[in-house]
Amino acid sequence: RRRDAVCARARRLADGHDALEITEMIAQANTVLTRRLLALGTACLGPPPCSYAWLVLGSQGRGEQVLSSDQDHAIAYQNPGPADEAAVRAYFGELAELVVTGLERAGLPRCSGGYMATNWCRPLAEFRVLFHGWVEEPEPQALLQAEVFLDVQACHGDLRVDALTRLLLTGGGRASFRVQMARAAVAFRPPLNVLGRLHPTGSDLDLKRGGTAAIVLLARLHALAAGSSAHSTVDRLAAGEGTLSSPDAADLTDAYRFLTGLRLTHQVSQALAGWPLDNLIRPDRLTSTERKQLRIALHVVRDVQEVTARRFATQTVN
């Protein structure tokens, strides 16, 4: 089934479909699968002991998954009384393990950083304290590690988690929070040399680390600074006016679409050949047109990073 799905996506790419439409379809399919596994889990374990929400994070929260995307999720549940806490925690721990195992068997690898409900399963009040800490005292390393949570969305369950989004929007209005996010956004430098030519590490160029990751971070920063709760990268770029110019937003959108298309094409080829999936391409194997577009896309990322660094005075952060 997974091979058939890969072939279907390959045909869509060949037919000229928008790469971002395909990443949204992949995320939607994984969300449907997650909800089905949660239904099977509750059928096995019995009804949940309290209200909860299964939270999708990272690329799934943004609705932008590629074939190599791993699992990023968490569980928030209603604050239990002291007498019920152990039983509630045990129930959701079992549910999380069932879903994580099911997703892994379906081809979604476990998150190497541990951002999964098996590790991140706690009362909503604890998540609110965590988010509040990022906003009020955004330590650079902690915020970098927690970037995956800044794309949080409820995928399933009846517990309302709007308070988490409101906390993030509050952070967008705080200078210290914005500066730390800006510093993270300019840390992923495109692989270009001082002459502006492609300069990959060895023979491989990492399309995620050197391209799409920076755009995701820039879009998140500028959208929050503008007070927007948009989740997808394209919507965030469109919402970022005020700290991001319209031409820069349009150029970043084009760059993101192109780089994502390269990632998908590369990963489809790997999947069809039965190879492990990654984000590493060989620029010398691209056509001359593709190399030119790649260079232009990375220049856009670098230029907007430099504007962002000046706009948010990232050099003032130790």
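Shown above is the structure to which this text applies.
Summary of the structure given here. (Residues numbered from 1 in each chain as written. Predicted model: local features only at pLDDT ≥ 70, side-chain atom pairs only at ≥ 80, totals over all residues. Heavy atoms only, no water.)

### Overview of the sheet that holds strand β2 (residues 73-77)
- The sheet built from 4 strands is open, its strands ordered β3-β2-β1-β4 with mixed pairing. Of all strands in the sheet, those with a lone pairing partner are β3 (121-123) and β4 (153-157), marking the two edges. Sheet twist, expressed as the mean angle between neighbouring strand axes with direction ignored, is 30°.
- As paired elements, β2 and β3 share 3 bridges and run parallel to each other. By the bridge assignment, Ala 76 is partnered in β3 with Arg 122.
- With respect to the sheet, helix α4 (residues 85-105) is in contact with β1 (52-56), β2 and β3, its orientation differing from that of β2 by roughly 155°.
- Sitting on the sheet, helix α5 (residues 124-136) is in contact with β2 and β3, with an inclination near 95° to β3. (Pairing = 2+ DSSP bridges. Helix = DSSP H or I, 4+ residues; strand = E, 2+ residues; numbered from the N terminus. Axes fitted to C-alpha atoms, helices over the stretch in contact; angles between N-to-C directions. Contact = heavy atoms within 4.5 Å.)

### Side note on helix α7 (residues 162-172)
- Restricting attention to buried positions, one finds in α7 the residues Ala 163, Leu 164, Leu 167, Leu 168, Gly 171 and Gly 172.
- Considering only its buried residues, α7 is in contact with β1, α5, α8 (175-185) and α9 (208-225). (Buried < 20%, exposed > 50% of the residue type's maximum accessible area, 1.4 Å probe, protein only.)

### Things to note about the packing of aromatic side chains
- As enumerated under the stated definition, the model contains 10 aromatic pairs in all.
- Here the aromatic rings of Tyr 77 and Phe 92 are separated by 5.2 Å at their centres, their planes lie at 10°, and the arrangement is stacked. You can see Tyr 77 sitting in strand β2 and its partner Phe 92 sitting in helix α4, a full 15 residues away along the chain. The exposure classification of Tyr 77 matches that of Phe 92, with both residues buried.
- Ring centres of Tyr 91 and Phe 92 lie 5.2 Å apart, and the angle between their planes is 90°; on these two criteria the pair is classed as edge-to-face. (Phe/Tyr/Trp six-rings, centres within 6.5 Å; stacked < 30°, edge-to-face > 60°.)

### What about the packing of helix α2 (residues 19-45) against helix α11 (residues 246-273)?
- Contact geometry for α2 and α11: axes closest at 8 Å, N-to-C directions at 60°. Compared by their axis directions, α2 and α11 come out oblique. In this structure, α2 crosses over α11, and the sense of that crossing is left-handed. The residues of α11 that touch α2, namely those facing Ala 19, Leu 20, Ile 22, Thr 23 and Ile 26, are Tyr 256, Arg 257, Thr 260, Gly 261 and Leu 264.
- Among the residues forming the contact of α2 with α11, the class breakdown is 6 nonpolar, 3 polar and 1 charged. (Parallel < 35°, antiparallel > 145°, perpendicular 65-115°, else oblique. Left-handed = near helix turned anticlockwise from the far one by under 90°. Nonpolar A, V, L, I, M, F, W, Y, C, P; charged D, E, K, R; others polar.)

### A few points about α2
- The end-to-end C-alpha separation of α2 is 39 Å, in line with the 39 Å expected for 27 residues at 1.5 Å each.
- Turning to α2, its buried residues number three or more, namely Ala 19, Leu 20, Ile 22, Thr 23, Ile 26, Ala 27, Asn 30, Thr 31, Thr 34, Leu 37, Leu 38 and Gly 41.
- At the N-terminal boundary of α2, the capping side chain belongs to Asp 18, with an oxygen 2.9 Å from the backbone nitrogen of Leu 20.
- Just downstream of α2, Gly 46 is the residue with a positive phi angle, here 100°. (Expected span 1.5 Å × (residues − 1). Polar contact = N/O pair within 3.5 Å; in protein donor to acceptor, adjacent residues only side chain to side chain.)

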